Structure formats: C-alpha cells, structure tokens
Amino acid sequence: RQECYWRALHTVPHLRLIEGTFLQSRRQLPRVEPRWWRAIQRRLAHWPRLRPLAALRTVAVLRSEEKGSDVNLATQLLLDALDHHFDCAAVVSNDSDLLAPIRAVRQRFGRKIGLLSGTAHPSRVLTAEVNFLKHIREGVMARSQFPPTLTDARGTFHKPASW
C-alpha cells in the first residue's frame, strides 16, 4: 500500500519525495499478560506437553521501524532555508525530534515556520517554537485524497480498497 501511495505522490507535479528506510527485525520482547492468562496458565500446567507454553515469558515479534525520515526532513528543511528556497515553511509532523531544525530555521535564518497538525494533540514542544499552528480538519483531509484511479508513465493504477 505504501508503494502505491508513493506512486500516487509521484503524479503530483513539482513534488519531490525524500524517503527514509524501512527496517524489519525479529525481536524477543516481554509478553504482556491479560488478566485471563493466569487461569489459562493454571490449566496448561496440568498437561505436560503444554507446560512450556505456560512458562513463556517472552515472545518473538516482527518489529517494523522507519529510519532516517526525521533526519532527512530536518536536513532538507535546513538546506532549503540556507539556500533561500522559502520565506515560510510548513512542517506536517508531530515528531519532537524536529525541534532543533525548526528552531534554527526561525532563529538563525529568520524564516517563518508553521506546524500543520492532523492530530488533536500536537506536540507542545513544537507548537511553542513555531510561528503558527494550523489544525488539518477532517473535511479538508477527506477532500484532499487522491482519486480512486490514477495514471502515470507505467499505466493506470487504483487506490487500494482498504483506504
């Protein structure tokens, strides 16, 4: 679905995607036990073949992480400010890791910078540093969606049903 979204973004004129990387790793993490699990553990203890399951303290999970996106965004924001590519920038993120570059854009480069937030609770750290905060209303977000069918150099493609 993400590849389809990126393909759709590439149909927007003058838009440049700055990507991070997506990593998946297998990790052993502590198991969270719901309240009902203790009763199941007691029952499992009566069956010798299932006792190891009752004693299980960690579980294997597939952990997905996006790496580098915030650093890439911060770098591009600072380079664009340095090269005078904007007078006013808007950041669509709630990542407080962007505080230092946002502060530098305002203080060192004297540019206006705002935060566009799609969440009811934007980062307090970021809102304290920007020149303006705009909430993206649900209706605006709904009207800003890509159409169900798009065409690019590779052909016609469709928005996934799960969107």
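Reading the values: the criteria
Residues numbered from 1 in each chain as written. Predicted model: local features only at pLDDT ≥ 70, side-chain atom pairs only at ≥ 80, totals over all residues. Heavy atoms only, no water. Axes fitted to C-alpha atoms, helices over the stretch in contact; angles between N-to-C directions. Helix = DSSP H or I, 4+ residues; strand = E, 2+ residues; numbered from the N terminus. Parallel < 35°, antiparallel > 145°, perpendicular 65-115°, else oblique. Contact = heavy atoms within 4.5 Å. Core = buried A, V, L, I, M, F, W, Y, C linked by side-chain atoms within 4.5 Å. Buried < 20%, exposed > 50% of the residue type's maximum accessible area, 1.4 Å probe, protein only. Pairing = 2+ DSSP bridges.

Student: Help me get a handle on the packing of helix α4 (residues 69-82) against helix α5 (residues 99-107), residues and values and all.
Tutor: A pair of packed helices is captured by two measures, namely the crossing angle of their axes and the spacing between those axes. At their nearest, the axes of α4 and α5 sit 9 Å apart, and the two run at 10° to each other. Comparing their axes, α5 and α4 come out roughly parallel. Between α4 and α5, the contacting residues are Ala 74, Leu 77, Leu 78 and Ala 81 on the first element and Pro 101, Ile 102, Ala 104 and Val 105 on the second.

Student: Explain the nonpolar core to me, using residue names and the numbers behind them.
Tutor: Counting 14 residues, the largest nonpolar core has Leu 77, Phe 86, Val 91, Ile 102, Val 105 and Ile 113 as its most contacted members. Counting only elements with at least two residues in this core, the list comes to α4, β3 (88-91), α5 and β4 (112-117). Val 105 has contacts with Leu 77, Leu 78, Ala 81, Phe 86, Gly 110, Arg 111 and Ile 113, leaving out every residue within four places of it along the chain.

Student: Please set out the sheet that holds β3 residue by residue, giving values where relevant.
Tutor: Read from one edge of the open sheet, 3 strands run β3-β4-β5, paired in parallel fashion. What marks the edges here is a single partner per strand, and that holds for β3 and β5 (132-135). Looking at each pair of strands side by side, their axes are set apart by 25° on average, direction ignored. Pairing geometry for β4 and β5, over 4 bridges, is parallel. Counted as the bridge partner of Ser 117 is His 135 from β5.

Student: Could you give me a rundown of the environment of Ala 90, with the residues and numbers involved?
Tutor: Positionally, Ala 90 belongs in strand β3. Residue classification places Ala 90 among the partly exposed positions, given a relative accessible area of 45%. Remark: the alpha-carbon pair of Ala 90 and Leu 77, spanning 13 residues in sequence, is separated by 9.8 Å. Residue contacts for Ala 90: discarding those within four places in its chain leaves Gly 114 and Leu 116.

Purely spatial values, then, with no claim about function.
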